[in-house]
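Listed below are the residues making up each chain.
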There are 2 protein chains.
Amino acid sequence: MTVVEVIETNSDRTDSLGCGPLRPPGAANFLPLRQQIFEYVRAAGLIARVAVAKDLAISPGSVTALTAELIDEGYIHESAAPRRDADSGRGRPPVALGVNPTAGYVAGIKLSDQAHAAVILDFAGNRIAEAVIPRKVFHQSFSQTVDASEEVLRVALAQTQLKLTDLNCVGLGLPGVIDNETGVVPWSPLVSERDFPMRAALRERIGRPVEIDNDANLVTLAEMWFGAARSLSDFVVVTIEHGVGMGLVLNHRLYRGAQGLGTEIGHTKVQLDGALCRCGQRGCLEAYVADYALVREASTALNWDRQRATEPHIMLESLYDHAKAGNAGAQAIFHRAGRYLALGLANVVNLFDPSLILLSGERMRYDYLYAEEVLSEMANLTLLSGHTPPKVEIHAWGDLLWAQGAAALALESATHTAISGSA
Amino acid sequence: MTVVEVIETNSDRTDSLGCGPLRPPGAANFLPLRQQIFEYVRAAGLIARVAVAKDLAISPGSVTALTAELIDEGYIHESAAPRRDADSGRGRPPVALGVNPTAGYVAGIKLSDQAHAAVILDFAGNRIAEAVIPRKVFHQSFSQTVDASEEVLRVALAQTQLKLTDLNCVGLGLPGVIDNETGVVPWSPLVSERDFPMRAALRERIGRPVEIDNDANLVTLAEMWFGAARSLSDFVVVTIEHGVGMGLVLNHRLYRGAQGLGTEIGHTKVQLDGALCRCGQRGCLEAYVADYALVREASTALNWDRQRATEPHIMLESLYDHAKAGNAGAQAIFHRAGRYLALGLANVVNLFDPSLILLSGERMRYDYLYAEEVLSEMANLTLLSGHTPPKVEIHAWGDLLWAQGAAALALESATHTAISGSA
């Protein structure tokens, strides 16, 4: 592995190139060395300088100089202590580096159709508090959404010694289409308004920097930072719950698309003029696979009176029980949803050729979604089924994983501001 | 813009990370400085050292040292000459750097259903020869494919003073699923065998290094190196001709997927249990949009006798003429193909959120494919049609563009070997 000098680029740079007959050299965004070292120390827990230099292929002199800066500024500290895991107390180098957990704090908030959740992390990534509150209003207004965000955050904070002003950054996740760059929410199924400036409103309310993103991207960040995918460079996360979402990681980075609206697999069309979707269009994958798609056929399958107005998640539970008990109509609903899910996953494989697909969501306990026959149909719908299809893993998760992803978003932003902003 | 030190990574590196609780710093592949400078000089045509240093944010000392090496090795030379374009003869610095065109040569070969083509480029990217020969056999065997590749290459070479041994690398493109990494072709509509080692066979036949890739990727490389997209970092190319292909450029690089089989939009499923595709599966986009899909309905629309065994491209021409003359059946065929094309493009937008889609192919002259109504239906099938849909540009092209892409592939490989291989 050679050490070379490379230029830090920014997005403006592209525009100034392209004047010649041939392609300009590829430009990539990468992290300043200070931040690389800081994040590597955080990932390692405790690590000797010499190991940082070796693993990152940076000269020992640069590591010494940059870690001295980071120690002076209070972001990392020297420690003689063994690793926190009980199994590795001895044989460590006498002086190791670790992130100073009290160098900063962040929060992550998840808003969803059932409940709202929040977690507080220290700068080393340790979770120091968590809270879940039930959702009060079904069709929330924009201002009620800001209220709910603040409320669950304060409940989590109350379990700590921290005040709002101690938080370097707050990450907020909600379902729907979220513009991560502008902080505007064009559409969320939780909120009655459209195109509302969620990030600006929450920032004003709590007086702290805020980052926002959609549920699928945050689940993906959580898998990258804390989950099974943390050593993979390229993978896809598909989330199935109230809707169908997707997160795409290419070369260790979340891919967001040109307008920050990328990877909306739930709204790819799987049938021309097909079933009606919540987004107002027809034939979206979501309209065959998501909860509401199943629930709206349930009254036909089970001869229910539509006027009973049962809660959707109760209807879904009941439909599932009937399918397991042998009701042919209920089984037909799950069977078709499973086949369309297989089709959607096969399309992801045909388009991205990922090494791993993580199916992630609270509804993952419904067998039909990960039944052997669905995965085998996915393989059959993949071009060249003779090739090894990508691994598919199922991760059922609760409210906190997504909130943890929102906290990871905040930690990334806070780290960047703290470690690189002043460099 | 700051200059920072960054590590060159390789793909093995990922596997050695991921031991800690948090995501390791993002790792990207980037070019060594020597190659960056070389490619930047090639892109510029002629450029002063000071401009290289400024544009790439590299210290003038490093530029002087590295360009001295490249001059010693014969890859670039100093020149007092004006730029080749007539409009900028004066005001240039007295000494500029340019790529030495005779430092090396590459060839690009395109195999397709109608004709085979080849181009020869010098190391500066200038095309110095080209050749097109008609395809002789419809269902070619693997060894006939190797014969045809060698034949068209020799016809192009015969127009120059060069011998086979003067070529640093040969790029070969053919339709189908091509494994760029192993050089094996799992399936091509041109060839009767499957899983044949095309790269190894051609390399053995001509005794030169060979790179192979599929048609859509090569058209995309040509657009990146020579075409309208050369200043864009992220875009999608969709090719429509005998099949439907796609190339995806993310951050100035062609995305190939985990197994090198990525971005097969033609085989994404747009209808469960739908129309039969050449790949043997049902409901692929290609089975509604590609030539053969239209041709197989033509005999119904036009009351043709199937036994007449007309050439497919003649049937397609005739179908098109009938549609323009008002034949309802022929119009219905093009109308549906156009709607499915809109659906396929909308799926690309929903999944990638690209800034530009280039529709590229020899059949782009059929209006139905780029009719206003198709593009407007695409926008309607895109989530949040209120947002600006990405720009769609139509590029009709001939045999040579794709061959030029194959040559770009060869030039990239030859440059890397020559400039970085020994560094």
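Preceding this paragraph is the structure being described.
Calculation rules
Residues numbered from 1 in each chain as written. Chains lettered and ligands numbered in written order. Predicted model: local features only at pLDDT ≥ 70, side-chain atom pairs only at ≥ 80, totals over all residues. Heavy atoms only, no water. Helix = DSSP H or I, 4+ residues; strand = E, 2+ residues; numbered from the N terminus. Buried < 20%, exposed > 50% of the residue type's maximum accessible area, 1.4 Å probe, protein only. Contact = heavy atoms within 4.5 Å. Areas by Shrake-Rupley, 256 points an atom, 1.4 Å probe, with all protein chains shown as cover. Pairing = 2+ DSSP bridges. Axes fitted to C-alpha atoms, helices over the stretch in contact; angles between N-to-C directions. Parallel < 35°, antiparallel > 145°, perpendicular 65-115°, else oblique. Left-handed = near helix turned anticlockwise from the far one by under 90°. Nonpolar A, V, L, I, M, F, W, Y, C, P; charged D, E, K, R; others polar. Salt bridge = Lys/Arg side-chain N within 4 Å of Asp/Glu carboxyl O. Disulfide = S-S within 2.5 Å. Polar contact = N/O pair within 3.5 Å; in protein donor to acceptor, adjacent residues only side chain to side chain. Core = buried A, V, L, I, M, F, W, Y, C linked by side-chain atoms within 4.5 Å. Phe/Tyr/Trp six-rings, centres within 6.5 Å; stacked < 30°, edge-to-face > 60°.

Things to note about the overall build of chain A
Then, in step 1: Counting secondary structure elements, chain A contains 13 helices and 14 strands.
Then, in step 2: Counting the 423 residues in chain A, one finds 62% classified as buried.
Then, in step 3: A sequence separation of at least 24 residues applies to 62% of the contacts in chain A between residues at least 6 apart.
Then, in step 4: A total accessible area of about 16,100 Å² is found for chain A, and carbon and sulfur atoms account for 51% of it.

Observations concerning the sheet that holds strand β7 (residues 127-134) of chain A
Residues and elements named next belong to chain A.
Then, in step 1: Across the sheet, which stays open at both edges, the five strands sit in the order β7-β6-β5-β8-β9 with mixed pairing between neighbours. In this open sheet, the two strands that pair with only one neighbour each are β7 and β9 (210-214). Ignoring strand direction, the axes of neighbouring strands in this sheet form an average angle of 15°.
Then, in step 2: Sheet topology places strand β8 (residues 167-174) next to β9; five bridges connect them, and they run parallel. By the bridge assignment, G171 is partnered in β9 with E211.

Structural notes on the sheet that holds strand β14 (residues 391-396) of chain B
Residue and element names in this part refer to chain B.
Then, in step 1: The strand order across the open sheet built from five strands is β12-β11-β10-β13-β14, with neighbouring strands paired in mixed fashion. Only two strands of the sheet have a single partner each, and these edge strands are β12 (253-254) and β14.
Then, in step 2: Relative to β12, strand β11 (residues 244-250) runs antiparallel, the two sharing two bridges. The partner of V249 across the bridge, within β12, is L254.

As for the packing of helix α10 (residues 328-352) of chain A against helix α12 (residues 372-380) of chain A
All names here are of chain A.
Then, in step 1: Running from N to C, α10 and α12 cross one another at 40°; their axes reach a closest spacing of 8 Å. One finds that α10 runs oblique with respect to α12. The chirality of how α10 crosses α12 is right-handed. Together, H335, G338, R339, L341, A342, L345, A346 and V349 of α10 and E373, V374, E377 and M378 of α12 make up the contact between the two elements.
Then, in step 2: Of the residues contributing to the contact of α10 with α12, the split by class is seven nonpolar, two polar and three charged.

Quick look at the pattern of salt bridges
Then, in step 1: Inspection of the entire model under this criterion finds 28 salt bridges over all chains.
Then, in step 2: Its salt-bridge partner being K163(A), residue D166(A) comes within 3.9 Å of it at the nearest N-O pair.
Then, in step 3: Relative accessible area serves as the criterion here: at 27%, D166(A) is assigned to the partly exposed category.
Then, in step 4: Note that E297(B) is salt-bridged to R336(B), the shortest N-O span being 3.8 Å. Taken together, the residues span a long stretch of sequence, with E297(B) in helix α8 (residues 291-302) and R336(B) in helix α10 (residues 328-352) at a distance of 39 residues.
Then, in step 5: Classification of E297(B) by relative accessible area gives partly exposed; the value is 32%.
Then, in step 6: Residues participating in the shared-partner salt-bridge network are D147(A), E150(A), R154(A) and R205(A).

So, the environment of A44(B)
Residue and element names in this part refer to chain B.
Then, in step 1: When you line up the elements, A44 lands in helix α1 (residues 33-44).
Then, in step 2: Classification of A44 by relative accessible area gives buried; the value is 10%.
Then, in step 3: Remark: the alpha-carbon pair of A44 and L97, spanning 53 residues in sequence, is separated by 9.3 Å.

Some points on the state of the cysteines
Residues and elements named next belong to chain A.
Then, in step 1: Taken as a whole and assessed by the stated rule, the structure comprises zero disulfides over all chains.
Then, in step 2: The thiol sulfur of C279 is not disulfide-bonded, and the nearest other cysteine sulfur, from C277, lies at 3.7 Å.
Then, in step 3: The buried category is assigned to C279, whose relative accessible area is 17%.

Brief notes about the side chain of T160(A)
All names here are of chain A.
Then, in step 1: For T160, the location among the structural elements is in the loop between α4 (142-157) and β8.
Then, in step 2: Among the residues examined, T160 registers a relative accessible area of 16% and is labelled buried.
Then, in step 3: Side-chain polar atoms of T160 contact the backbone nitrogen of L162, separated by 3.0 Å.
Then, in step 4: Setting aside residues no more than four positions away along its own chain, T160 makes contact with I128 and A129.

Remarks on the pairing of strand β13 (residues 356-361) of chain A
All names here are of chain A.
Then, in step 1: Here β13 lies mainly inside the structure; six of its six residues are buried.
Then, in step 2: Neither face of β13 is open: one carries L356, L358 and S360, the other I357, L359 and G361, and all of them are buried.
Then, in step 3: One ladder, built from four bridges, connects strand β10 (residues 235-240) with β13; its direction is parallel. Bridge pairing in β13 places V238 opposite L359.
Then, in step 4: Strand direction decides the pairing type here: β13 and strand β14 (residues 391-396), joined by six bridges, are parallel. Paired with I357 across the bridge in β14 is V392.

A look at the nonpolar core
Then, in step 1: Ranked by size, the top nonpolar core spans 81 residues in total, and within it F352(A), I357(A), F352(B) and I357(B) carry the most contacts.
Then, in step 2: Excluding anything up to four places from it in sequence, I357(A) contacts V236(A), V238(A), L345(A), V348(A), V349(A), P390(A), K391(A), V392(A) and E393(A).

Describing the packing of aromatic side chains
Then, in step 1: Applying the stated rule across the entire model yields 13 aromatic pairs over all chains.
Then, in step 2: On the basis of an interplanar angle of 40° and a centroid distance of 4.9 Å, the ring pair of F142(A) and F196(A) is categorised as tilted. With a gap of 54 residues between them, F142(A) in helix α4 and F196(A) in the loop between β8 and α5 (198-206) connect regions that are remote in the sequence. Grouping residues by exposure puts F142(A) and F196(A) together as buried.
Then, in step 3: Look at Y288(B) and Y340(B): their rings are 4.1 Å apart centre to centre, the planes differ by 20°, and that puts the pair in the stacked class. One end of the pair, Y288(B), is in helix α7 (residues 286-289); the other, Y340(B), is in helix α10, with 52 residues separating them in the sequence.
Then, in step 4: With relative accessibility at 6%, the residue Y288(B) sits in the buried group.
Then, in step 5: Look at Y340(B) and you get buried, because its relative accessible area is 5%.
Then, in step 6: Cluster of aromatic residues (ring-pair linked, three or more members): F38(A), Y75(A) and F123(A).

Details of the pairing of strand β7 (residues 127-134) of chain B
Then, in step 1: Note that strand β6 (residues 115-122) of chain B and β7(B) share seven bridges and pair antiparallel. When the bridges of β7(B) are listed, L121(B) appears paired with R127(B).

Quick notes on unusual backbone geometry
Glycine aside, a negative phi is what most residues show, and trans is what most peptide bonds show.
Then, in step 1: One non-glycine residue, D195(A), lies in the positive phi region at around 50°.
Then, in step 2: Within the secondary structure layout, D195(A) lies in the loop between β8 and α5.
Then, in step 3: Despite not being glycine, D353(B) shows a phi value in the positive range, around 50°.
Then, in step 4: The residue D353(B) is located in the loop between α10 and β13 (356-361) in this model.

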